[in-house]
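# Survey of secondary and tertiary structure
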Amino acid sequence: MAPQVDAHSSIGALPGQRRFEWHAAAALARAGKPDVCIFGSEWLPYNCRIVEFGRSVRLYAEKSVGVAAVPPSETGRTCALLESVLPPHGPWSRLAFSPLNHVMIVTLWPSNQAIHPARMYGMVSQQQDELWDENPLFYEGMDAVSASQICGVDDDIQAIVRGLTRRSGISLEVLPIKEAYIRAYPDQIADRSTLQTCIASNAGYVGIKSPMIPADWPLNRLKVDYAHRYFTEDVPNGLCTLKAIADMVGVFVPKIDEVITWAQRKMGKEYIVNGRLAGENAHECCVPQRYGINNVEQLMGVPAARGSLAPSPPRRFMCSGLEYAANRSRL
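One structure accompanies this document, and this report is about it.

What counts, and where the lines are drawn
Residues numbered from 1 in each chain as written. Predicted model: local features only at pLDDT ≥ 70, side-chain atom pairs only at ≥ 80, totals over all residues. Heavy atoms only, no water. Buried < 20%, exposed > 50% of the residue type's maximum accessible area, 1.4 Å probe, protein only. Helix = DSSP H or I, 4+ residues; strand = E, 2+ residues; numbered from the N terminus. Arc of directions from axis to C-beta. Lys, Arg positive; Asp, Glu negative; His and termini not counted. Salt bridge = Lys/Arg side-chain N within 4 Å of Asp/Glu carboxyl O. Polar contact = N/O pair within 3.5 Å; in protein donor to acceptor, adjacent residues only side chain to side chain. Core = buried A, V, L, I, M, F, W, Y, C linked by side-chain atoms within 4.5 Å. Contact = heavy atoms within 4.5 Å. Phe/Tyr/Trp six-rings, centres within 6.5 Å; stacked < 30°, edge-to-face > 60°. Lys NZ or Arg CZ within 6 Å of the ring centre and 35° of its normal. Pairing = 2+ DSSP bridges.

By the burial criterion, the buried members of helix H2 (residues 75-85) are Thr75, Thr78, Cys79 and Leu82. Buried residues of H2, seen end-on, are gathered within an arc of 100 degrees and therefore sit on one face of the element.

Below you can see the structure in the form of structure tokens.
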């Protein structure tokens, strides 16, 4: 893609978690295109699922989402651009794009990374044999245990936000998850009393099932698909990213640690050991240290120094204060 873009181009990800701007900035810098605008949103603008691959999807909901850009001066123009190429689908639509004051808000937003693994943790913890007769409704079937796990992750995210604000002096307007839901789905939530009811009564989630696959035995039952994106994307490139930032800030994140520890065991991975991102598979995680970002000042000042954001050439790198060997095929 790099040969086709110039300083007037914009490249983005919807949503923009997993630090898309780090990857894009590194690739563009290597291609000699450091001035291209990079953007991301905190939510996916649409809730949808594939009906026929490459041909059609079922649209469940459209949302009002926030957008951040690098450099920040391009944020307003980027919102206008998105509204021009992704217009609302009829008068009932709530699709809209609003500017965020810092790209770190996108990384910290309590969306997929906060919801998917924690919901699965809560769901599985209540199933004795981890086999299901029917595929549970992922959102409509939200229970108190799963909602509590999600709230715990959200509390950890808010602790990171406070730590970053305190250390950098930059205010990050990362909404608590219940408020974020209400803002994204203003007319689709029937019961706003708790996070559990906000999710379970959200009309934008009707009919969405959980990531399940047929069990090996007995054949008429289901088991969790631990190779699903709710795990392979949202743990190493979501929760582990948050864990790395928390370590950098000096914030304790007990629920994030707990969910990662559970998920990595189910996935056959090892990301954290003794509370540190120093496991055998830690090199697979999207963490700032892989991009030469080793302190809060660099993390919050990414727009000013993004030309230097290329993956570090050494085969070993630091994360959470420990050095560990990187997979030589990855770095």
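We are not done yet, so read on.
Inspection of the secondary structure puts aspartate 225 in the loop between strand E8 (222-224) and helix H8 (229-232). For aspartate 225, which is buried and forms no salt bridge, the nearest opposite charge comes from lysine 223, at a distance of 8.3 Å. A distance of 3.0 Å separates a polar side-chain atom of aspartate 225 from the backbone nitrogen of alanine 227.

Attention shifts here to the nonpolar core. In terms of nonpolar packing, the biggest core is built from 90 residues, with Leu108, Tyr139, Leu164, Leu172, Tyr181, Phe231 and Tyr271 touching the most fellow members. Here the element with the most residues in this core is helix H9 (residues 235-249); it accounts for nine residues. In this structure, tyrosine 181 is in contact with Trp43, Ile115, Tyr139, Ile189, Leu195, Ile199, Asn202 and Tyr205, ignoring residues within four places of it in sequence.

Looking now at the packing of aromatic side chains. On inspection of all chains with the given rule, the structure shows 13 aromatic pairs. Note on tryptophan 43 and tyrosine 181: the rings are 5.5 Å apart at their centroids and 55 degrees apart in plane angle, and the pair reads as tilted. Of this pair, tryptophan 43 sits in the loop between strand E2 (37-41) and strand E3 (46-52) while tyrosine 181 is found in helix H6 (residues 177-184), placing the two residues 138 residues apart along the sequence. With a relative accessible area of 3%, tryptophan 43 lands in the buried category. A relative accessible area of 0% means that tyrosine 181 is categorised as buried. Centre to centre, the rings of tyrosine 181 and tyrosine 205 are 6.1 Å apart; their planes meet at 80 degrees, and the pair counts as edge-to-face. Taken together, the positions of tyrosine 181 in helix H6 and tyrosine 205 in the loop between helix H7 (195-200) and strand E7 (212-214) put the pair 24 residues apart, joining distant regions of the chain. Through successive ring pairs, a cluster of aromatic residues spans Trp43, Phe138, Tyr139, Tyr181, Tyr185, Tyr205 and Tyr230. Sitting over the ring of phenylalanine 138, arginine 119 keeps its end group 5.7 Å from the ring centre.

A one-sided burial pattern is seen for strand E1 (residues 10-13), the buried positions being Ile11 and Ala13 and the unburied ones Ser10 and Gly12. Sheet topology places E1 next to E2; four bridges connect them, and they run parallel. Its bridge partner being in E2, isoleucine 11 is matched across the sheet by isoleucine 38.

Function-wise, these values are silent; they only describe arrangement.
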